[in-house]
Amino acid sequence: MIGIYYDGHERSDVVEYREKFLEEIFQYEKYMAKYEGESMECVPPVLELNEKEIVLVTHDKCIFYSNDGKRGIWAKSGELPLRKKGNGRSIMVSEFLTEAHGRLCLSDEQVFDHRNIPKEARVYLQPGKNQEGYWTSEHLINQVETKAILIFEAIFPNCIGLFAFDNSSNHAAFKSDALVASKMNLKPGGKQPKMKDTVFGSNNQRQSMVNENGEPKGMKQVLIERGLWEEGLHADCQLCKDKIDNITRTDCCAHRILSLQPDFLAQKSALEEVIIEAGHKCIFYPKFHCELNFIERYWGAAKRFTRENCDYSWSGLQKTVPAGLNSVNVITIRKFARKAWRYMDLYKNGITGKLAEYAAKKYKSHRCIPDYVIAELNQ
């Protein structure tokens, strides 16, 4: 079962980010359909004429192992079966879920109508140095571009997708030409990347990030053109090297000055850029908050299936993983999502820790915790 991951859950920076995340996602929630009752019937959002429905599309990845079987079995006294050592070979799955549709995949009828689109967004990978390698940001971006967005738009025409991901460094990777001050040298040339043209200032003055000879300008020249260069500036100060952050420190070094420029602050990750350019939205869950991502419970249900049907073989794993994933129906997925929304509602109202776990479990038929209960919990 998925519960609260307490290590780092209430760390000050995590709590600060969680508050921003909750504010943002609840702004989107009013444009989303809700699913209520035991049969999880759809309650469409009330939209104005020029508004579009928003559909939450959550992502995560999970690894299944061929030797991951049942933990306990019945056996005669003194006759315990010999099990294989180690986890065995594995399959990694990268998946997208929605409350409305369950797994992000086309029905047989939709496949017929959209023959140029992949049937499902799910991707498998055999991880390992001697297998297919390891999952990277490029893998995910390709999955989003060539599968997830196309399938979403076929299933939900005229809707906006809110694609939600965990808060990992892999998902924060930038394109090679992104405006990232930490990748720049003080002087021109060298191994620093060639960054895209940008604009700065109140009149949106255009600025090329490369010299006439095609080499990267470097921070000094960029700052000179912006009227921000001061003699004696170093590329980095010791505080920045030690990653000691302080919002009042704005001009200690060239990296710091340039990183606080509006165009550099506005730079999105490669993943965000792909989604936004397609006309959709992107959001990242707070760190250490697996309970907010309902796909985590989907993994738990699928792993339960694979453990119950484990035969400790590679061929068996290849059969049971897809079967386990497909065994979780849309009603169950909606119930998983409802519990995640309960946690978000509790956190929004200042209820955390063991009290939040208790309330999320007790009021399982609710998407939001009743106001009188919130009042009692806050006493």
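Below you will find a few notes about this structure. Since the structure is predicted, the reported quantities are computational estimates derived from the model, not experimental observations.

Concerning the nonpolar core
Working step 1: One finds Phe-64, Tyr-298 and Leu-346 to be the most contacted residues of the largest nonpolar core, which totals 49 residues.
Working step 2: Core analysis: the next-biggest nonpolar cluster, separate from the first, contains 29 residues, Leu-104, Cys-159, Ala-270 and Phe-284 among them.

A closer look at the pairing of strand β7 (residues 160–165)
Working step 1: Taken across its six residues, β7 has six buried, putting it largely inside the fold.
Working step 2: Both faces of β7 are covered, namely the face carrying Ile-160, Leu-162 and Ala-164 and the face carrying Gly-161, Phe-163 and Phe-165.
Working step 3: In this sheet, β7 lies alongside strand β3 (residues 54–65) in parallel orientation, the contact comprising five bridges. Looking at β7, one finds that Leu-56 is bridged to Leu-162.
Working step 4: Relative to strand β10 (residues 281–284), β7 runs parallel, the two being bridged by four bridges. Bridging from a neighbouring strand, Phe-163 pairs with Cys-282 of β10.

Here we look at helix α12 (residues 353–362)
Each turn of an α-helix holds 3.6 residues, which means side chains three or four residues apart point in the same direction.
Working step 1: Here α12 has its buried residues at Gly-353, Ala-356, Ala-359 and Ala-360. The buried residues of α12 occupy one face: seen down the axis, they fall within an arc of 105°. Within α12, the exposed residues directed more than 90 degrees away from the buried face are Lys-354 and Lys-361.
Working step 2: Where the residues of α12 are buried, they touch α11 (330–348) and α13 (371–377).

Things to note about the packing of α11 against α12
What describes two packed helices is the angle between their axes and the distance between those same axes.
Working step 1: α12 packs onto α11 with a crossing angle of 140° between their chain directions and a minimal axis gap of 9 Å. Relative to α12, the element α11 is oriented oblique. As for how α11 packs across α12, the hand of that crossing is right-handed. Two secondary-structure elements touch here, α11 through Lys-339, Arg-342, Tyr-343, Leu-346 and Tyr-347 and α12 through Ala-356, Glu-357, Ala-359 and Ala-360.

Digging into the packing of aromatic side chains
Working step 1: This structure, assessed with the given rule, holds 10 aromatic pairs.
Working step 2: Considering the side-chain rings of Phe-165 and Phe-284, the 6.1 Å spacing of their centres and the 40° angle between planes classify their relative orientation as tilted. In this pair, Phe-165 sits in strand β7 while Phe-284 sits in strand β10, placing the two residues 119 residues apart along the sequence.
Working step 3: Between Tyr-343 and Tyr-347, the ring centres sit 6.1 Å apart and the planes meet at 40°, which makes this aromatic pair tilted. Of this pair, Tyr-343 and Tyr-347 both sit in helix α11, four residues apart, which is roughly one turn of the helix. A single burial state applies to Tyr-343 and to Tyr-347, both of which are buried.
Working step 4: Each residue in the set Phe-96, Phe-152, Phe-156, Phe-163, Phe-165 and Phe-284 is aromatic and connected to the rest through ring pairs, giving one cluster.
Working step 5: Against the face of Tyr-347 rests Arg-18, its NZ or CZ located 4.8 Å from the ring centre.

Description of unusual backbone geometry
Working step 1: Of note, Met-40 is a non-glycine position whose phi angle comes to about 55°, a positive value.
Working step 2: Relative to the elements of secondary structure, Met-40 occurs in the loop between β1 (34–36) and β2 (41–43).

Here we look at the pairing of β3
Working step 1: Along β3, nine of the 12 residues are buried, which leaves the element largely enclosed by surrounding structure.
Working step 2: Sheet topology note: the β3/strand β4 (residues 90–98) ladder contains nine bridges and is antiparallel. If you follow Asp-60 over to β4, its bridge partner there is Glu-95.

Focus on the side chain of Asp-68
Working step 1: Relative to the assigned elements, Asp-68 resides in the loop between β3 and β4.
Working step 2: A distance of 3.1 Å separates a polar atom in the side chain of Asp-68 from a polar atom in the side chain of Arg-307.
Working step 3: Excluding residues that lie within four positions of it along the chain, Asp-68 makes contacts with Lys-303, Thr-306, Arg-307 and Cys-310.

Here's the deal with the pattern of salt bridges
Working step 1: The final tally for this structure, using the stated rule, is 16 salt bridges.
Working step 2: A salt bridge links Arg-367 to Glu-29; the shortest N-O distance between them is 3.5 Å. Remark: Glu-29 occurs in helix α1 (residues 12–29) and Arg-367 occurs in the loop between α12 and α13; sequence separation between them is 338 residues. The same class applies to Arg-367 and to Glu-29, which are both buried.
Working step 3: A salt bridge links Arg-206 to Asp-197, with the nearest nitrogen and oxygen atoms 3.6 Å apart.
Working step 4: Given the relative accessible area of 38%, Asp-197 is considered partly exposed.
Working step 5: One network of salt bridges, with partners in common, ties together Glu-29, Glu-99 and Arg-367.

Rules of the game
Residues numbered from 1 in each chain as written. Predicted model: local features only at pLDDT ≥ 70, side-chain atom pairs only at ≥ 80, totals over all residues. Heavy atoms only, no water. Core = buried A, V, L, I, M, F, W, Y, C linked by side-chain atoms within 4.5 Å. Buried < 20%, exposed > 50% of the residue type's maximum accessible area, 1.4 Å probe, protein only. Helix = DSSP H or I, 4+ residues; strand = E, 2+ residues; numbered from the N terminus. Pairing = 2+ DSSP bridges. Arc of directions from axis to C-beta. Contact = heavy atoms within 4.5 Å. Axes fitted to C-alpha atoms, helices over the stretch in contact; angles between N-to-C directions. Parallel < 35°, antiparallel > 145°, perpendicular 65-115°, else oblique. Left-handed = near helix turned anticlockwise from the far one by under 90°. Phe/Tyr/Trp six-rings, centres within 6.5 Å; stacked < 30°, edge-to-face > 60°. Lys NZ or Arg CZ within 6 Å of the ring centre and 35° of its normal. Polar contact = N/O pair within 3.5 Å; in protein donor to acceptor, adjacent residues only side chain to side chain. Salt bridge = Lys/Arg side-chain N within 4 Å of Asp/Glu carboxyl O.

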